[in-house]
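The chain contents come next:
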Amino acid sequence: MQKITPCLWFDDNVEEAVEFYTSTFKNSKLKATSHYGEASSKSSGKPKGAVMTMIFEVEGFEFLALNGGPHYKMTPAISFSVSSDDPDEIDELYKKLSNGGKVLMELGKYPFSEKYGWVNDRFGCSWQLNLAKREPKICPYLMFVGEQHGKAEEAIEYYISLFENSKIESMYKHGEESGETVGTVAHAIFALDGQEFMALDSDKKHDFNFTPGVSLMVNCIDQSEIDRFWSKLGDGGRESQCGWLDDKYGVSWQVVPAQLRDLVLSGNSDTAEPVMNALMKMVKLDLRVLQEAAGR
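One structure accompanies this document, and this report is about it. In this text, all values refer to a predicted model and were calculated from it rather than measured experimentally. (Residues numbered from 1 in each chain as written. Predicted model: local features only at pLDDT ≥ 70, side-chain atom pairs only at ≥ 80, totals over all residues. Heavy atoms only, no water.)

Focus on the packing of helix 1 (residues 14-24) against helix 3 (residues 87-98)
Right, on to step 1. Direction vectors running N to C along helix 1 and helix 3 enclose 165°, while the axes themselves pass 11 Å from each other. Judged on the interaxial angle alone, helix 3 and helix 1 are roughly antiparallel. Every pair of crossing elements has a handedness; the one defined by helix 1 and helix 3 is right-handed. On helix 3, the residues touching Phe 20, Ser 23 and Thr 24 of helix 1 are Leu 93, Lys 96 and Leu 97.
Right, on to step 2. Looking at side-chain class alone, the contact of helix 1 with helix 3 contains 3 nonpolar, 2 polar and 1 charged residues. (Axes fitted to C-alpha atoms, helices over the stretch in contact; angles between N-to-C directions. Helix = DSSP H or I, 4+ residues; strand = E, 2+ residues; numbered from the N terminus. Parallel < 35°, antiparallel > 145°, perpendicular 65-115°, else oblique. Left-handed = near helix turned anticlockwise from the far one by under 90°. Contact = heavy atoms within 4.5 Å. Nonpolar A, V, L, I, M, F, W, Y, C, P; charged D, E, K, R; others polar.)

So this is what it looks like as structure tokens:
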């Protein structure tokens, strides 16, 4: 299981969105679907039986799609970098992802890439497309702007201190010629538990920042790990319900037991419903209580 799974928040169109992504990208598939039960329906206002979450995979990278409603929107503060050494694939992805969406940077040649484009798709998810031969093909890209500008390096160092098998792979700083604040991060690649991420700072005026529209779900092996990530990621941030929190940099996280997927997606409503009923009453998640709710 992927240690950190991005969660994308959709407004009652999650099935359409997942179908779009799995048909747009090669080597993609739907892995699991959950539905709103009585407890989660009452809490969310969604009809009982409506799709709640869908887990899907693109080029070996896993996403969780949440049918959450109008409360949060995805922003380019967290985008997804897509690399390919096939120029035709970049052209096709740009065409499909930009259709009905918004172009942030036109597809073309730039000093840092022979072919690059940045788009928000019609569902609001942001993608950076780059002609390059590299693995993984897809990785999350964090952009520190506004009140978070200048904090990218500090945040990266903080995150790698929390996750095992983590390191800064490369980091380049803005120089005087960049038009950005000198010494802030121009581009960084770092790994958290072996998963690759990218980040940068920008002092340009942007009308967005981090939101729960894209959150990062940490799949924890046991309660001790839940407790540690909840304490560390929540330090200086803001706790929410059902395992959600915003860290001190504004990035949204979900700290959950890895076993939750099996408990909720077992296909047994007699198990899933009491688990969700227990989960809805929690702030930090308690694995023992969730397992007891499932009769385990």
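Some thoughts on the sheet that holds strand 9 (residues 138-144)
Right, on to step 1. Judged by pairing direction, the sheet is mixed, and its 8 strands sit side by side in the order 6-7-8-5-9-12-11-10 without closing on themselves. The two strands at the open ends of the sheet, each matched to only one other strand, are strand 6 (102-110) and strand 10 (167-173). Taking the axes of each pair of neighbouring strands and ignoring which way they run, one obtains an average angle of 20° across the sheet.
Right, on to step 2. Where helix 4 (residues 152-162) meets the sheet, it contacts strand 9, strand 10, strand 11 (185-192) and strand 12 (195-201), and its direction lies at approximately 5° from that of strand 11. (Pairing = 2+ DSSP bridges.)

Brief notes about the packing of aromatic side chains
Right, on to step 1. Across all of its chains, the model carries 26 aromatic pairs by this definition.
Right, on to step 2. For the ring pair Phe 25 and Trp 127, a centre distance of 5.0 Å and an interplane angle of 45° mean the geometry is tilted. Residue Phe 25 is found in the loop between helix 1 and strand 2 (28-35), and its partner Trp 127 is found in strand 8 (residues 126-131); the two are separated by 102 residues along the sequence. Taken as a pair, Phe 25 and Trp 127 share a single burial class, namely buried.
Right, on to step 3. Centre to centre, the rings of Tyr 159 and Tyr 249 are 6.1 Å apart; their planes meet at 85°, and the pair counts as edge-to-face. Taken together, the positions of Tyr 159 in helix 4 and Tyr 249 in the loop between strand 15 (244-246) and strand 16 (252-257) put the pair 90 residues apart, joining distant regions of the chain.
Right, on to step 4. Classification of Tyr 159 by relative accessible area gives buried; the value is 1%.
Right, on to step 5. The exposure class of Tyr 249 is buried, given its relative accessible area of 2%. (Phe/Tyr/Trp six-rings, centres within 6.5 Å; stacked < 30°, edge-to-face > 60°. Buried < 20%, exposed > 50% of the residue type's maximum accessible area, 1.4 Å probe, protein only.)

Digging into helix 1
Right, on to step 1. Buried within helix 1 we find Val 14, Ala 17, Val 18, Phe 20, Tyr 21, Thr 22 and Thr 24.
Right, on to step 2. Tucked inside the fold, the buried residues of helix 1 contact strand 1 (4-10), strand 2, strand 3 (51-58), strand 4 (61-67), helix 3 and strand 8.

Side note on the side chain of Ser 252
Right, on to step 1. Tracing the sequence through the fold places Ser 252 in strand 16.
Right, on to step 2. A relative accessible area of 1% places Ser 252 in the buried class.
Right, on to step 3. Polar side-chain contacts of Ser 252 include one of 3.3 Å to the side chain of Asp 246.
Right, on to step 4. In contact with Ser 252, not counting residues within four places along its chain, are Thr 211, Pro 212, Val 214, Ser 215, Leu 216, Trp 244, Leu 245 and Asp 246. (Polar contact = N/O pair within 3.5 Å; in protein donor to acceptor, adjacent residues only side chain to side chain.)

Regarding the packing of helix 4 against helix 5 (residues 223-234)
Right, on to step 1. Where helix 4 meets helix 5, the closest approach of the two axes is 11 Å, and the angle between their N-to-C directions is 165°. With respect to their mutual orientation, helix 4 and helix 5 come out roughly antiparallel. Seen along the crossing, helix 4 lies across helix 5 with a hand that is right-handed. Taken together, the residues of helix 5 that come into contact with helix 4 (itself represented by Tyr 158, Tyr 159 and Leu 162) are Arg 228, Phe 229, Lys 232 and Leu 233.
Right, on to step 2. Here the residues of the contact of helix 4 with helix 5 are counted per class, giving 5 nonpolar, no polar and 2 charged.

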